[in-house]
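# Understanding the architecture of this molecule
What follows is each chain in one-letter form.
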Amino acid sequence: MQFIITDAWLAKSRAVHLSGTRLVLAVAALSLVLMLTAAALYHWVFLKGAREGWPVVGTLVRLVVQDEFEQRDRFMRENLDAMARKLGDMQAKMLQLESLGDRVSGLAGVNPNEVRSNPARGGILVEGRSLSMQELQSTLSDLDRLAAERADLLTVMESRLIDQRLKKMMLPTQKPVHSGNVGSAYGWRIDPFTGRSALHTGLDFQADAGTPILAAAGGVVVASEMHPQFGNMVEVDHGNDLVTRYAHASKLLVKKGDLVKRGQKLAEVGSTGRSTGPHLHFEVLVQGVQQDPHKFLSGPKNTAALAQLAVATPQPAPLPGRLGR
């Protein structure tokens, strides 16, 4: 009898458990249906109220739309601020490029206004799509990188042009006296003191006593002294083993170690030393060997090549007793 009661109780307990599980599932399904129905009803009411202009719904719609617009506006402002900063950086770089271009064109002898001239343009209109924000930002980044590369290139070009210009300015191409004819050229001649053939190692410029003697190029004074044959003499080192000599001066105006620029007054014409009258004896020496100064004074076009040629084929130095007058 006891076993029969136990079996009946277990069967009843299982039936209650199964009915409870089904009840939970039924409640869950009903809740899901209610949620979907409420969502669909809310969506239908919200759309209908928005379309028909119901007061409460219209207010809610305006609030939602306004909030969305504010978010978009804030996003656009942030992106526009970033783009404005990028454009500001690019404008600064473009100004730098323009300034570098002016300096480089000036060094190259090109008129900057000719470089800036806008070429004529024309053609049919073929419109394209509007660029997206990402494409615009990518384009700005590419332009920024290109501007930086061009600035570096122009800086290198400017440095090289300045170096070339300085080298040209250090070549003795300016006449050492403003007025004065060449009385005796470079080369072999009859010496005025001995009457014998002798090598004249420079150019003699006939000028009145006191005429300013000018530096043929910029450099450093390496000698300003009295020489037994050159008389009052100035020597200027222009670098690259290039030296100019100014002899027979009546008065020296610079001293050893002075920095001089092209056209600066070094001394005054005189007739000191081994000289027959007032004149300037002018020499150009490359690696200590006298060259024909006329090759340098004739113009700056081929002076560097002539200097290298002179170094490659030096001429014999004159004997001590046959220095130019």
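Everything numeric in this text was worked out from a predicted model, so none of it was measured.

Take the overall build of the chain next. Across its full length, the chain carries six helices and 12 strands. Relative to all contacts within the chain whose residues are 6 or more apart in sequence, the contacts with residues 24 or more apart total 66%. When the accessible surface of the chain is summed, it comes to about 21500 Å², and 60% of that surface belongs to carbon and sulfur atoms.

Relative to the assigned elements, arginine 245 resides in strand E8 (residues 242-252). Within the structure, arginine 245 has its side chain in polar contact with the side chain of glutamate 235 (distance 2.7 Å). At 2.8 Å, the side chain of arginine 245 forms a polar contact with the side chain of glutamate 283. Apart from residues no more than four positions distant in its own chain, arginine 245 is found in contact with Phe230, Met233, Val234, Glu235, His281, Phe282, Glu283, Leu285 and Gln290.

Where nonpolar side chains cluster on the molecular surface, the patch consists of Phe75, Met76 and Leu80 and spans about 300 Å² of accessible area. With respect to the element layout, leucine 80 can be found in helix H2 (residues 55-108).

The next point concerns the pairing of strand E4 (residues 203-206). Bridging between strand E1 (residues 181-184) and E4 involves three bridges; their strand directions are antiparallel. Looking across to E4, one finds that serine 184 is bridged to aspartate 204.

This next bit is on the packing of aromatic side chains. One pass over the structure, following the stated rule, counts two aromatic pairs. Ring geometry for tyrosine 246 against phenylalanine 282: centres 5.4 Å apart, planes inclined by 50 degrees, an arrangement best described as tilted. Placement of the pair is tyrosine 246 in strand E8 and phenylalanine 282 in strand E11 (residues 279-286), with a sequence separation of 36 residues. For the residue pair tyrosine 246 and phenylalanine 282, the accessibility class agrees, reading buried in each case. Cluster of aromatic residues (ring-pair linked, three or more members): Phe205, Tyr246 and Phe282.

Applying the stated criterion to the full structure yields six salt bridges. Notably, a salt bridge pairs aspartate 204 with arginine 189, separated by 3.7 Å at the nearest N-O pair. Of this pair, aspartate 204 sits in strand E4 while arginine 189 is found in strand E2 (residues 187-190), placing the two residues 15 residues apart along the sequence. Each of the two residues, aspartate 204 as well as arginine 189, counts as buried. Lysine 255 is the salt-bridge partner of aspartate 258, the closest N and O atoms lying 3.3 Å from each other. A cluster of three or more residues bridged by salt bridges with shared partners is formed by Glu235, Arg245 and Glu283.

This brings us to the pairing of E2. Two strands pair when backbone bridges link them, and E2 and strand E3 (residues 197-200) are joined in this way by four bridges, in the antiparallel orientation. From the neighbouring strand, tryptophan 188 faces E3, where its bridge partner is leucine 199. Hairpin geometry of E2 and E3 is characterised by an intervening segment of six residues between the two adjacent antiparallel strands and by a positive phi of about 75 degrees at glycine 195.

Right, let's talk about the environment of leucine 266 for a bit. Here leucine 266 is to be found in strand E10 (residues 265-269). For the pair leucine 266 and isoleucine 213, spaced 53 residues apart in sequence, the C-alpha to C-alpha distance is 5.6 Å. Contacts of leucine 266, omitting those with residues within four sequence positions, involve Ile213, Leu214, Ala215, Val234, Val236, Tyr246, Leu252, Leu253, Val254 and Val260.

The next subject is the nonpolar core. What tends to happen in soluble globular proteins is that the nonpolar side chains get buried as a cluster. Core analysis: the biggest nonpolar cluster contains 26 residues, and Tyr246, Leu266, Leu280 and Phe282 have the highest contact counts within it. Sorting elements by how many residues they give to this core places E11 first, with four residues. Grouped together as the second largest cluster of nonpolar side chains are six residues, Leu100, Val104, Ala147 and Leu154 included.

About the cut-offs
Residues numbered from 1 in each chain as written. Predicted model: local features only at pLDDT ≥ 70, side-chain atom pairs only at ≥ 80, totals over all residues. Heavy atoms only, no water. Helix = DSSP H or I, 4+ residues; strand = E, 2+ residues; numbered from the N terminus. Contact = heavy atoms within 4.5 Å. Areas by Shrake-Rupley, 256 points an atom, 1.4 Å probe, with all protein chains shown as cover. Polar contact = N/O pair within 3.5 Å; in protein donor to acceptor, adjacent residues only side chain to side chain. Patch = residues over 30% accessible without salt bridge, like charges linked within 9 Å, V, L, I, M, F, W, Y side chains within 5 Å. Salt bridge = Lys/Arg side-chain N within 4 Å of Asp/Glu carboxyl O. Pairing = 2+ DSSP bridges. Phe/Tyr/Trp six-rings, centres within 6.5 Å; stacked < 30°, edge-to-face > 60°. Buried < 20%, exposed > 50% of the residue type's maximum accessible area, 1.4 Å probe, protein only. Core = buried A, V, L, I, M, F, W, Y, C linked by side-chain atoms within 4.5 Å.

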